[in-house]
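Chain residues, written in single-letter form:
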Amino acid sequence: MSAQSASETTRHIPILLEPITDFLAEGIRLLPEHSEPGVILDCTLGGGGHSARLLEKLASIPGARNHRLIGVDRDLDAISRNRSRFQKELEDGVMELHHCAFSESMKIIGNRPLYGVLADLGISSDQIDSETRGFSFRFDAPLDMRMNQSRGIPLTEWLEGVSETDLADVIWRYGEERFSRKIARRIVDLRSRGQMPKTTADLADAIRSVFPPGMRHQGIHPATRTFQALRIEINEELKELETLILKGFPKTAPGGRIAILSFHSLEDRLVKEEFRKRNLYELPFKKPLQAGDSEIELNSRSRSAKLRLAIRKPSEPETPSSMR
Ligand SMILES: C[S@@+](CC[C@H](N)C(=O)[O-])C[C@H]1O[C@@H](n2cnc3c(N)ncnc32)[C@H](O)[C@@H]1O
C-alpha cells in the first residue's frame, strides 16, 4: 500500500503529519472486528502527503484493506498529480480520487460508513508557488485565485462588480487588515478611472500605495492580508467549511474520527463551536494542537496551524416508546 515518492511533483510539506495520521489510523485499528467496509475522507488532498502517510499506517492494520481512502480536491492540478502519485493504490482499490469541492463529497460517500475525516484547510504550497494561478504577488500573474478554475469567477471579474463597502468588509473580515477601507477605496478609484489592476503585481502595488511610507517595506508585504482575504472570498472557503460541518461531521459513524487543520481564526472558531455545542463528539484535547518549534523551523507555514480532533460518540441506544 505504500505510496510512491512524489518529491519531484509536490512542494507541499504536510503539517502535523504524525499526530493527524496516528489519530485517523487508530480509529480504524479500534473498529470492531467485522465492521462494515467504510471510508476515510481526505477532504483536501493537496500534495497527498497526509494521505500517503495514512496509507502507510493503514497497511499494518489487519482488516484496514476493507476500507477505502477517498481523496478529494477541487484543484484539477492536485488531482492529476495525485493520480500518478497513487497509481498503485488506485489500481488496488484501496483509494479513490474525486475532483470536487469537499462540500459535495457527501454524495460520493453515499451510504458507506464514514470512519474518518481530514480537512487541511486553505491552499497548498503547490498553489501558492504557481506562477500562473494568481495566489501570490511573488509572480506577476492574472488575478484568478480560484482553486477550481472551471467554477465560479476569477478575482478580476469579482473586483469589476463589487461595491466599495463589500470589498472593504471582505478585506477586514478575512484579512483583519486595518487599512481595509483605504485599500477598497483605492481599488474602486482605479476602477472608475479605467485603471483596474489586472495582475497580481498591479494589485499588490495598489495595496502598498495606501500604506504610510514607513510601513511599505517593513515586515510582511503590505498586500499579504488582503490577498488572503480575497482568496477566502473567491473560493467561499468559510461556506465550504460550514457545509462540511453541517453535512459531513454528522455523517461520521460511531467511533469515526475527525481532524481539522485550520489557518484562520474564523475557521478554528467554527470547528471549535461545533465540536463543543453538540453532544456528538468526544474531544481528546480541549485546546487545539499546534506545531512545535522544530516543525515551524522546517516549515514556517505550520506556525499558524491549529488542529482540532474529535471522535464520534457511540449512538445513544433507542429508548423503547413504552419507556419514554
Ligand atoms: C493545505 S492543502 C492540503 C495539503 C495536504 N494535506 C497534503 O498533505 O499535501 C489544501 C488543499 O485543499 C484543497 N481545497 C481547499 N478547499 C477545498 C474545498 N472546499 N474542496 C476541495 N478541496 C479544497 C486545495 O485545492 C488544496 O489543494
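Points about the domain arrangement of the protein chain
Inference 1: What the domain assignment lists for the protein chain is domain 1 (17–126 + 238–323) and domain 2 (148–234).
Inference 2: Put simply, the middle of domain 1 and the middle of domain 2, counted by C-alpha atoms, are 33 Å apart.

Quick notes on the nonpolar core
Inference 1: If you look at the biggest cluster of nonpolar residues, it comprises 49 residues, and the most contacted ones within it are Leu24, Leu41, Cys43, Ala119, Ala259 and Leu261.
Inference 2: Residues within four places of cysteine 43 in sequence aside, it is in contact with Val72, Phe102, Ser105, Val117, Leu118, Ala119 and Leu244.
Inference 3: Counting 26 residues, the second-largest nonpolar core is a separate cluster that includes Ile123, Met147, Leu159 and Ile171.

Focus on the pairing of strand E4 (residues 114–120)
Inference 1: Summarising burial for E4: seven of the seven residues are buried, a large majority.
Inference 2: As paired strands, strand E1 (residues 39–42) and E4 are joined by four bridges and run parallel to one another. Along E4, the bridge assignment pairs leucine 41 with valine 117.
Inference 3: In this sheet, strand E5 (residues 252–262) lies alongside E4 in parallel orientation, the contact comprising six bridges. Its bridge partner lying in E5, leucine 114 is registered against threonine 252.

Examining unusual backbone geometry
Inference 1: Of note, the phi angle at leucine 16 is positive, near 45°, even though the residue is not glycine.
Inference 2: Within the secondary structure, leucine 16 is located in the segment before helix H1 (17–29).
Inference 3: Residue classification places leucine 16 among the buried positions, given that 21 C-beta atoms sit within 10 Å.
Inference 4: Unusually for a residue other than glycine, glutamate 236 sits at a positive phi of about 45°.

Some words on the pairing of strand E7 (residues 306–312)
Each regular strand carries side chains that alternate between the two faces of the sheet.
Inference 1: The element E7 is extensively covered by neighbouring structure, given that seven of its seven residues are classed as buried.
Inference 2: Covered by surrounding structure in E7 are Lys306, Arg308, Ala310 and Arg312 together with Leu307, Leu309 and Ile311, the residues of both alternating faces.
Inference 3: By the bridge criterion, six bridges tie E5 to E7 in an arrangement that is antiparallel. Each bridged residue has a counterpart across the sheet, and for isoleucine 260 the counterpart in E7 is arginine 308.
Inference 4: Here two bridges tie strand E6 (residues 281–282) to E7, and the two strands are oriented antiparallel to one another. Residue pairing in the sheet places glutamate 282 in a bridge with isoleucine 311 of E7.

So, the sheet that holds E6
Inference 1: Spatial strand order, E3-E2-E1-E4-E5-E7-E6: seven strands in an open sheet with mixed pairing. Two strands in the sheet have a free side with no partner beyond their single neighbour: strand E3 (95–99) and E6.

Cut-offs used in this document
- Residues numbered from 1 in each chain as written.
- Predicted model: local features only at pLDDT ≥ 70, side-chain atom pairs only at ≥ 80, totals over all residues.
- Domains from an automatic or database assignment.
- Core = buried A, V, L, I, M, F, W, Y, C linked by C-beta atoms within 7 Å.
- Buried ≥ 20, exposed ≤ 12 C-beta atoms within 10 Å, placed from the backbone.
- Contact = placed C-beta atoms within 7 Å.
- Helix = DSSP H or I, 4+ residues; strand = E, 2+ residues; numbered from the N terminus.
- Pairing = 2+ DSSP bridges.

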